[in-house]
There are 2 protein chains.
Amino acid sequence: METVSENCAFGGVQGVYRHASASTGTNMVFSVFVPPHEAGARLPVVWYLSGLTCTHANVTEKGEFRAICAELGLIFVAPDTSPRGEGVADDPEGAYDFGLGAGFYVDATEAPFAAHYQMWSYVTEELPALIAAQFPADMARQSIMGHSMGGHGALTIGLTLADRFRAVSAFAPIVAPSQVPWGQKALGGYLGADRAAWRKHDAVALIEDGARVEALLVDQGGADAFLEKELRPDLLRAACAAAGIDLTLNLREGYDHSYYFISTFMEAHLRWHGERLGIPPRAGEFNRVTCLC
Amino acid sequence: METVSENCAFGGVQGVYRHASASTGTNMVFSVFVPPHEAGARLPVVWYLSGLTCTHANVTEKGEFRAICAELGLIFVAPDTSPRGEGVADDPEGAYDFGLGAGFYVDATEAPFAAHYQMWSYVTEELPALIAAQFPADMARQSIMGHSMGGHGALTIGLTLADRFRAVSAFAPIVAPSQVPWGQKALGGYLGADRAAWRKHDAVALIEDGARVEALLVDQGGADAFLEKELRPDLLRAACAAAGIDLTLNLREGYDHSYYFISTFMEAHLRWHGERLGIPPRAGEFNRVTCLC
């Protein structure tokens, strides 16, 4: 693992790192915020999966998560959204919603994407092992959140690995990719035409097929341009109601799909995660001055 | 004035606007955050001046000011750092520290820069008039802050127009441009070789020449690569001590010159401004949900 950058922030360290991934067969870049902590402490880990076109950098720069992570003592990990680099196949027309920046958190089985697009394995196996080895992480206390395509990732991973994640939440997630254009293009392209293979990468289908978590938190902007065509929180609401999953679905009138929306509600999501990770609601003032660097 | 974008954020509106500036003879872009407020209310205004290479966008995306401005009820204005566009002269070698993105908040007198580089007039006269006319601003309650070159701008403008600004603070400011390479290049290039003309654009010289404010707040990263060569907070400390200005100079070990540093201490600066703008230390919880949009 190579350090791309480390900056003091909110008494902790915001780092960006690069490593050669066995899953994707490429170099992968990710960011980790380690909050201020006592020497030897092991801290809970919040995973944040980003949306279409994003890298680790979007949430790292615009997510406004560090103040709360510093207060609550949370490690915050932001992976990239796809493999990148020479030889990595992209959308034939270079569209933003497939290929580079659009890995959809699946292990592709279709050529030419199967060669590198192994984002499920990367995010659920390889990167967690690296985080456990390289950072003061308590891997018995993990939670996961994401935005849009990354909300889809957070929901499907959280539902599939329900024993691993104590909290699962999302900002404007794609809840039923099998039923919307973004998802149909991606799942078809990466997994092939057989829709049976899509169901374990579709949060609504997973719930229909029996996957369970105790609770879900979703915030959705009411002025989000993708709400009705791509995101469809109504489908998640119906699935959770039928399955008895305690879904808190907050429709935020006026808010759009951007980081202005995400950053506004980041604090509420992180406090919700914190409670479920066993952290008191107010962990107390943190010391911004004495930096870990 | 044309709206480039408006996004709901923290219960208020983060806007970006464009207008034809008479001062610079160019179109100018700036951002304004208007926090949630009662209909008809007039709100105090915090000016934020950015550093070399920046536009309004850097602090708008990375400054993490909206949560606190929403809580305290502060309008936050971020101008650009220079004129831009066709016919605007740049550094002959395209250097980052002069010309485009590096207006240094002066009215240039030297050709070819005098034609458009009129940032002092723009920031102190033209843009305030536009803000007063277009936003729910209480122009009797203004304060000013900035970063690096913008810290220089905030200090020199705050010291010169001490009756206008109730609070003046800076992150890693250039405190004595006449004595450091960045400043000597800029003031020489924009104002000419006569150093007498530089003194009113040099915070330390202004204080030596009798300018006074009651108090100043400066935060400076101890790991800032520009600290000793360009920023020189020691010179401001000496000038304030000699003049009886109550300077709070916080040296933050480990922190660098980036927005990771600025965002960490933004809350403390805004609360310090808020107190001087007559706002109770805790104005109370704001409603993120009911957006102004």
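By the naming in an unreviewed UniProt entry, chain A goes by S-formylglutathione hydrolase and is assigned to Sphingobium indicum BiD32. Under the UniProt heading Function (unreviewed entry), the entry covering chain A gives this text: "Serine hydrolase involved in the detoxification of formaldehyde."

With mixed pairing, the nine strands of this open sheet are ordered in space as 1-2-3-5-4-6-7-8-9 (chain B). The strands lining the two open edges of the sheet, one partner per strand, are strand 1 (2-9) and strand 9 (246-252) of chain B. In this sheet, adjacent strand axes meet at a mean angle of 20 degrees when their direction is disregarded. Relative to strand 5 (residues 75-78) of chain B, strand 3 (residues 27-34) of chain B runs antiparallel, the two sharing three bridges. Within strand 5 of chain B, the position partnered with Val32(B) by the bridge is Val77(B). With respect to the sheet, helix 9 (residues 259-276) of chain A is in contact with strand 1 and strand 2 (12-20) of chain B, its orientation differing from that of strand 1 of chain B by roughly 25 degrees. Here helix 4 (residues 149-160) of chain B sits on the sheet and contacts strand 4 (43-49), strand 6 (137-147), strand 7 (165-171) and strand 8 (215-221) of chain B; the angle it forms with strand 6 of chain B, its principal contact strand, is near 135 degrees.

What follows covers the sheet that holds strand 7 (residues 165-171) of chain A. Strand order in the open sheet formed by nine strands is 1-2-3-5-4-6-7-8-9 (chain A), with mixed pairing between adjacent strands. Each edge of the open sheet carries a strand with a single partner, namely strand 1 (2-9) and strand 9 (246-252) of chain A. Averaged over all pairs of adjacent strands, the angle between strand axes in this sheet comes to 20 degrees, irrespective of strand direction. The sheet contacts of helix 8 (residues 233-243) of chain A involve strand 8 (215-221) and strand 9 of chain A, and relative to strand 9 of chain A the element is tilted by about 155 degrees. Helix 9 (residues 259-276) of chain B contacts strand 1 and strand 2 (12-20) of chain A of the sheet and is inclined by roughly 25 degrees relative to strand 1 of chain A.

All names here are of chain B. Of the two faces of strand 5, the one holding Ile 75 and Val 77 and the one holding Phe 76 and Ala 78 are both buried throughout. Sheet analysis places strand 4 next to strand 5, joined by three bridges and oriented parallel. Counted as the bridge partner of Val 45 is Ile 75 from strand 5.

Okay, helix 8 (residues 233-243) of chain B next. Because each turn of an α-helix spans 3.6 residues, side chains separated by three or four positions in sequence point in the same direction. All names here are of chain B. Within helix 8, burial applies to Pro 233, Leu 235, Leu 236, Ala 239, Cys 240 and Ala 243. The arc that holds every buried residue of helix 8, seen down its axis, measures 150 degrees, which confines them to one face. Facing away from the buried side of helix 8 by over 90 degrees, the exposed positions are Ala 241 and Ala 242. The secondary structure elements touched by the buried residues of helix 8 are helix 4, helix 6 (203-208), strand 8, helix 7 (227-231) and strand 9. One or two steps after helix 8, the chain reaches Gly 244, where phi turns positive at roughly 75 degrees.

Residues and elements named next belong to chain A. Here, UniProt's "active site" (unreviewed entry) annotation points to Ser 148, Asp 224 and His 257. In terms of the greatest pairwise C-alpha distance, the residues named above, spread along 110 residues, form a tight cluster of at most 10.8 Å across. In this fold, Ser 148 is placed in the loop between strand 6 (137-147) and helix 4 (149-160). On the basis of relative accessible area, Ser 148 is assigned to the buried category, the value being 2%. For His 257, the location among the structural elements is in the loop between strand 9 and helix 9. On the accessibility criterion, His 257 (15% relative accessible area) is buried.

For the pair chain A and chain B, the best superposition has an RMSD of 0.0 Å and corresponds to a rotation of 180 degrees with a translation of 0.0 Å parallel to the axis. The superposition of one copy onto the other is thereby described by a two-fold rotation axis. Taking the C-alpha atom as reference, chain A places Lys62(A) closest to the rotation axis, 2.8 Å from it.

This part takes up unusual backbone geometry. Residues and elements named next belong to chain A. The omega torsion across Ala 111 and Pro 112 is -5 degrees, close enough to zero to call that bond cis. By the secondary structure assignment, Pro 112 is in the loop between strand 5 (75-78) and helix 3 (119-134). Positioned with a positive phi, Ala 172 is a non-glycine residue whose angle comes to about 45 degrees. You can see Ala 172 is positioned in the loop between strand 7 and helix 5 (181-191). Positive phi is not limited to glycine here, since Arg 232 has a value of about 55 degrees. Taking the relative accessible area as the measure of exposure, Arg 232 reaches 24% and is therefore partly exposed.

With that settled, consider the interface of chain A and chain B. Each partner contributes residues to the interface: chain A has 27 residues there, and chain B has 27 residues. Around 2400 Å² of area is buried between chain A and chain B when both sides are counted, 49% of it from carbon and sulfur atoms. Our count for the contact surface shared by chain A and chain B stands at two salt bridges. For Arg66(A), the salt bridge identified is with Glu64(B), shortest N-O distance 3.4 Å. Inspection of the region where chain A meets chain B yields eight residue pairs in polar contact (both at pLDDT 80 or more). Elements that contribute at least two residues to the side of chain A that touches chain B include exactly strand 1, helix 1 (56-62) and helix 9 of chain A. A total of six residues in the side of chain A that touches chain B trace back to one element, the largest contributor, which is helix 9 of chain A. In the side of chain A that touches chain B, the residues fall into ten nonpolar, eight polar and nine charged.

Turning our eyes to something else, we now look at the packing of aromatic side chains. Going through the model one piece at a time under the given rule, you end up with 32 aromatic pairs over all chains. Consider the rings of Tyr255(B) and Phe265(B), whose centres lie 5.1 Å apart with planes at 70 degrees: the pair is edge-to-face. Placement of the pair is Tyr255(B) in the loop between strand 9 and helix 9 and Phe265(B) in helix 9, with a sequence separation of ten residues. Residue Tyr255(B) shares its accessibility class with Phe265(B), and that shared class is buried. Among the aromatic side chains, those forming a connected cluster through ring pairs are Phe33(A), Tyr48(A), Phe65(A) and Phe76(A). Here the guanidinium or amino end of Arg66(A) rests over the ring plane of Phe65(A), the centre of that ring lying 4.9 Å away.

All names here are of chain B. One pass over the full model with this rule turns up 26 salt bridges over all chains. We note a salt bridge from Glu 2 to Arg 18, for which the minimum N-O separation is 2.9 Å. Residue Glu 2 is located in strand 1, and its partner Arg 18 is located in strand 2; the two are separated by 16 residues in the primary sequence. Taking relative accessible area as the criterion, Glu 2 reaches 43% and is therefore assigned partly exposed. As a salt-bridge pair, Arg 199 and Asp 209 come within 2.9 Å of each other at their nearest N and O atoms. In this pair, Arg 199 sits in the loop between helix 5 (181-191) and helix 6 while Asp 209 sits in the loop between helix 6 and strand 8, placing the two residues ten residues apart along the sequence.

Scoring rules and cut-offs
Residues numbered from 1 in each chain as written. Chains lettered and ligands numbered in written order. Predicted model: local features only at pLDDT ≥ 70, side-chain atom pairs only at ≥ 80, totals over all residues. Heavy atoms only, no water. UniProt positions renumbered as here; feature names shortened; annotations may be inferred. Pairing = 2+ DSSP bridges. Helix = DSSP H or I, 4+ residues; strand = E, 2+ residues; numbered from the N terminus. Axes fitted to C-alpha atoms, helices over the stretch in contact; angles between N-to-C directions. Contact = heavy atoms within 4.5 Å. Buried < 20%, exposed > 50% of the residue type's maximum accessible area, 1.4 Å probe, protein only. Arc of directions from axis to C-beta. Least-squares fit on C-alpha atoms with pLDDT ≥ 70 in both. Buried area = accessible area lost by both parts, 1.4 Å probe. Salt bridge = Lys/Arg side-chain N within 4 Å of Asp/Glu carboxyl O. Polar contact = N/O pair within 3.5 Å; in protein donor to acceptor, adjacent residues only side chain to side chain. Nonpolar A, V, L, I, M, F, W, Y, C, P; charged D, E, K, R; others polar. Phe/Tyr/Trp six-rings, centres within 6.5 Å; stacked < 30°, edge-to-face > 60°. Lys NZ or Arg CZ within 6 Å of the ring centre and 35° of its normal.

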